[in-house]
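Chain and residue survey
Below, each chain spelled out in residue letters.
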Amino acid sequence: MLRFFNRLLLFLLRKKTTAPPGTYGEEFWKPQFTKASKTGFNLTEENVEEKVYDAGLLDGALVLSLKQTVSLAWIDAPAKRYRDMVIDSRFTLEPLGGYAAAGFMFRMVDHGTYYLVLVSSKGYFRLDAVRNGMPFPLAGWTELPSVSESAGEAVLNGPVNLGIIVSGAYILITVNGLWAAELNDASIDAGSIAFALASYEAPPSTEKSFIARARLEALTVDSRMFQAAAARERLSTTAGPRSRYFLAETFAAMGRLDAALIQIRQAWEDRDAASPEEGRGNRTQRELLLAARLALQLGLAGEAETWIDACIALGAESSEGRNALTEKAKLLYEREQFAALRDFAAGTLESGPADPVLGTLLGHAYWNLGEYEAAAAAYDKAFEQDRGNGLLVKNAANVYEVLGNREEALSRYITAGNCFLNDDNYEDLSVLVPKFLSLGNKNYKARVLAGKWAFSIENFAQAEKEFEKAEALRREAAGLIPPDPSVMLLQALLLIRQGKRKTALPLLEEAASLAGEHGIFHFRLAECRFLLSGNAADPALKADLDRALQLLDTEAEERKRIAKPVDETWAWARNLAAQISLQNNNLEEAAEHLEKAASLLGEVPAIKVNRALYYYLSGFPDKGLELLKTGRVNDDPEGIMVNCAGNLLYRSKRYEEADDCYRKARTLDPGNIDFICNRASCLIELGRYGEADALLALAHEKSPSPAILELIGYVSVKQGEYQRAETAFTEALKIDEYYSPSLFSLGWLCCNTRRWEEAGAMLQRLDDLELKGEDAEHREELRRRLEEGATRLIACAGSCERSWRVPLDPPLSPALRLYAMPPDELPAGTCTGCGKTYCIGCAKNNLDSSGRFTCPDCGKTLKLINEGLKKLVADWAAQNTGEDH
């Protein structure tokens, strides 16, 4: 629940409502749900932005509906302020197949401080004290004794009768007339009440306009003197053993061990009082097992043993009985009775089913008795039964190392390390790294695992070294070790961190081809393509992203099936898909992807950034900017939301406001290169080139990249520093020889300084690129400028309209000797009299007696005077005769 509150898009659905201090009503209040004015609830305020909820009256009930998942809404009665009270209510919850909860806030000081009781659609309740927006669970999700079982899971059927008694620090909760919990908390003194609805999971599909709804059908609040105390006295004795056990389970999960054991003892006392003839035998295995475990953790070994033996006596074949046998072994281990533990554990395992915990304890017994080979065998067998548990195989590795079997020890240390890595258990993995590196300095798997560990703890330099060593070992094995796609992926991510995204792309492509059935590889490949080219229409990008979404959807469904949390990669892939859809102006598709991403991640800054862009592209820029506003630094700790606000303002040409946002972003993350460059770009638009130059120098020092050098070159041109600009463009091309912005910039710079050959070299590289759209148009514009500056056009004076473009200052060509008639489109020569030039097609009918071309106008001889024209004919001759004329 803490995660729910922290990550929740907590919509503040009501303005802060306060009454004069010290005014607390003493009354019996029964609102009428027939007219808004008679309810006492605030039904007049406008709903919050996006209309994420609706509240109103329908068929004699107060109805609260949610339209967005992972959200909490409430409708309050601000004039009704109480300290002590008895709340009786009846409401119906409609989750529509999703997961929702409804209940009440009470002693509500403002929208950040209150108590909250919720009853969920899955048949659980909880109580939280929320202070200044931070929830403090008093009772986490606790099973209700008044639910039926459906499809193996507790569900809530019919109306909920929720009662809340508050007397001083005492809080008692009843559900459907049954005692559910009683607790003490004095952190909030008094306040108003509110009807609340929360959504945790959206329904699979619904045709309704909402995803969850709650109908408050009846409500009374009695705050008259002594009423709460009297109700407390009357109802506190109605607790059932089943309810107390459920509450004990919750307290145990929360780490409140004393409170949990008190509830179990009280449940037994209540049952003994109700059935004194059954005496102390009136205990269930489930209760005895939990009580024993609590007692062990509290250091009450004697009582724990008594309850364990009692649980076993009721049947060692049941699930609780088998668990009690394991707890018995734990008790023997705690008492260091290793011989007894060995005999007990070995005998239990021989006569009963396999149990990795019991097998581990047997291994511990052998180890402490010095029976190392038996210990290693026991640990190995335990790991076979729980292959995800790295501690079990680590125990075996320790024993093999003591036995001097380095090969077996290394194998098991690596296996344990991989288990810890999969569980994100970097603390235990860090202990193993020196061990398996000392045992396997030349072992490929050991080096790979060391690299993955280093990457996980963000020691990227060490990770790079380990992967290099691993790759060297793989090459030495001459094909015996296949390439590891996970290593390729991490190596690519390391390159991306260094600004070498283009170098990383082939690695990601190969990794995706090797690990074709794992969505994360295709996601990272698609992400790299998009960030590298920015071309959302790239067919390869679409294919990679579609494959990633398909695989990740399948993986998510499988994880749900086995009750495991969905990996966040699924949501981040949806977020990437939203970005691409936004760039393609497919706004409806983008909104769908964002909803799916937010369903897992919540309204994290990255989601809000894309939502803001969605509003901007939809024609509501101010709505997008409003979404990006933050009230607290914690709302945007990395500054990406305020940076996005700057981007939207920049695109709207509101440069002064954009600069303010970029400055704020830099205060949150001073070293962020994107933030530095964004502000520099904004300063360029404002004409503040000196400040922009200083920022770009800082960015270049931190992380050199072609993009930064391109901006430095642009600023240098604006300041008249052309030599510095050329140096910047050249350095950018040293990093990426096909970085198109710098190819354009350097090409134009060379044209402007009449260095046509160098400009031509830039154009040739641009021709190697598959440019589209504006980039392709700019390339043709550069080509025209180069042609106009470096060549001249010579037109045929005949009727054919032929022309030839030749260099302005062509080099001298050698003498020509032709052995065949060139084609009509080549030049015949220039008249030595009138200076007109003709093609062979127009001049071939005007020959003198010796067969030379003559001018059709003046009759003078045509000669190839221009060296450029001469080279055209020479090139044809070379191609057709194989000789260099």
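Anything mentioned here points back to the structure above.
The sections below set out a description of the structure shown in this document. Remember, predicted model here, so these are calculated numbers, not experimental data.

**Section: the overall build of the chain**
Looking only at helices and strands, the chain has 35 helices and 21 strands in total. With the principal axes as the frame, the chain shows a C-alpha extent of 145 × 80 × 45 Å. Counting only residues that meet the buried cut, the chain has 47% of its 885 residues in that class. When contacts within the chain are restricted to residue pairs at least 6 apart in sequence, those whose partners lie at least 24 apart make up 59%.

**Comments concerning the sheet that holds strand S19 (residues 827–831)**
Taken in spatial order, the three strands make up an open sheet running S20-S19-S21, and their pairing is antiparallel. Each having just a single partner strand, strand S20 (837–839) and strand S21 (862–863) make up the two edges of the open sheet. Pairing between S19 and S20: three bridges, direction antiparallel. Bridging from a neighbouring strand, Pro 827 pairs with Cys 839 of S20.

**Examining the packing of helix H19 (residues 519–533) against helix H20 (residues 539–561)**
The interhelical angle for the contact between H19 and H20, taken along N-to-C directions, is 150°, at an axis separation of 8 Å. When the interaxial angle is binned, H19 and H20 end up roughly antiparallel. Crossing angle aside, the handedness with which H19 passes H20 is left-handed. Only Ala 540, Leu 541, Asp 544, Leu 545, Arg 547, Ala 548, Leu 551, Leu 552 and Glu 555 of H20 make contact with H19, whose side of the interface consists of Gly 519, Ile 520, His 522, Phe 523, Leu 525, Ala 526, Arg 529 and Phe 530. A breakdown of the residues in the contact of H19 with H20 according to their chemical character gives eleven nonpolar, two polar and four charged.

**Description of the pairing of strand S9 (residues 134–143)**
Of the pairings in the sheet, the one linking strand S8 (residues 124–131) to S9 comprises seven bridges and is antiparallel in character. Paired with Ala 129 across the strands is Phe 136, a residue of S9. With antiparallel pairing between neighbouring strands as the criterion, S8 and S9 make up a hairpin whose turn holds two residues, including Asn 132 at a positive phi of roughly 55°.

**Looking at the packing of aromatic side chains**
Considering all chains together, one arrives at 15 aromatic pairs under this definition. Considering the side-chain rings of Trp 29 and Phe 41, the 5.8 Å spacing of their centres and the 40° angle between planes classify their relative orientation as tilted. A residue pair is termed long-range when its members are at least 10 positions apart, and Trp 29 in strand S1 (residues 28–29) and Phe 41 in the loop between helix H2 (36–39) and strand S2 (53–58) qualify at twelve residues. Of the two residues examined, Trp 29 and Phe 41, each falls in the buried class. The structure contains a cluster of three or more aromatic residues connected by ring pairs, namely Trp 29, Phe 33 and Phe 41.

**Points about a nonpolar patch on the surface**
Nonpolar side chains collect at one region of the surface, where Trp 367, Tyr 372, Val 402 and Leu 403 lie side by side and expose about 340 Å² of accessible area between them. Note on placement: Val 402 falls in helix H12 (residues 390–402).

**Things to note about helix H30 (residues 722–735)**
Helical geometry note: an α-helix holds 3.6 residues per turn, so side chains three or four residues apart project in the same direction. The end-to-end C-alpha distance of H30 is 20 Å, a good match for the 20 Å that 14 residues give at a rise of 1.5 Å each. Packed against the buried residues of H30 are helix H29 (706–718), helix H31 (740–752) and helix H32 (756–768).

**A few points about the packing of helix H17 (residues 485–497) against helix H18 (residues 501–514)**
Two elements in contact, H17 and H18, have axes whose closest approach is 8 Å; the angle formed by their N-to-C orientations is 165°. Taken together, H17 and H18 sit at an angle that is classed as roughly antiparallel. The hand of the H17/H18 crossing is left-handed. Across from Pro 485, Met 488, Leu 489, Gln 491, Ala 492, Leu 495 and Ile 496 in H17, the residues of H18 making contact are Arg 501, Thr 503, Ala 504, Leu 507, Leu 508, Glu 510, Ala 511 and Leu 514. By residue class, the composition of the contact of H17 with H18 is eleven nonpolar, two polar and two charged.

**So, the pairing of strand S13 (residues 170–175)**
When you tally the buried positions in S13, you get six out of six residues, the bulk of the element. The alternating pattern of S13 places Tyr 170, Leu 172 and Thr 174 and Ile 171, Ile 173 and Val 175 on opposite faces, both of which are buried. By the bridge criterion, six bridges tie strand S12 (residues 160–167) to S13 in an arrangement that is antiparallel. Residue pairing for S13: Ile 165 is matched across the bridge by Leu 172. Here S12 folds back onto S13, and the loop between the two strands holds two residues, one of which, Gly 168, carries a positive phi near 65°. With six bridges connecting them, S13 and strand S14 (residues 178–184) associate as antiparallel partners. Each bridged residue has a counterpart across the sheet, and for Thr 174 the counterpart in S14 is Trp 179.

**A word on unusual backbone geometry**
The phi dihedral of Asn 585 is positive, around 60°, even though this residue is not glycine. Residue position: Asn 585 is located in the loop between helix H21 (568–583) and helix H22 (587–601). Judged by its relative accessible area of 52%, Asn 585 is exposed.

Cut-off values and rules
Residues numbered from 1 in each chain as written. Predicted model: local features only at pLDDT ≥ 70, side-chain atom pairs only at ≥ 80, totals over all residues. Heavy atoms only, no water. Helix = DSSP H or I, 4+ residues; strand = E, 2+ residues; numbered from the N terminus. Buried < 20%, exposed > 50% of the residue type's maximum accessible area, 1.4 Å probe, protein only. Contact = heavy atoms within 4.5 Å. Pairing = 2+ DSSP bridges. Axes fitted to C-alpha atoms, helices over the stretch in contact; angles between N-to-C directions. Parallel < 35°, antiparallel > 145°, perpendicular 65-115°, else oblique. Left-handed = near helix turned anticlockwise from the far one by under 90°. Nonpolar A, V, L, I, M, F, W, Y, C, P; charged D, E, K, R; others polar. Phe/Tyr/Trp six-rings, centres within 6.5 Å; stacked < 30°, edge-to-face > 60°. Patch = residues over 30% accessible without salt bridge, like charges linked within 9 Å, V, L, I, M, F, W, Y side chains within 5 Å. Areas by Shrake-Rupley, 256 points an atom, 1.4 Å probe, with all protein chains shown as cover. Salt bridge = Lys/Arg side-chain N within 4 Å of Asp/Glu carboxyl O. Expected span 1.5 Å × (residues − 1).

Coordinates in, geometry out; function isn't part of it.
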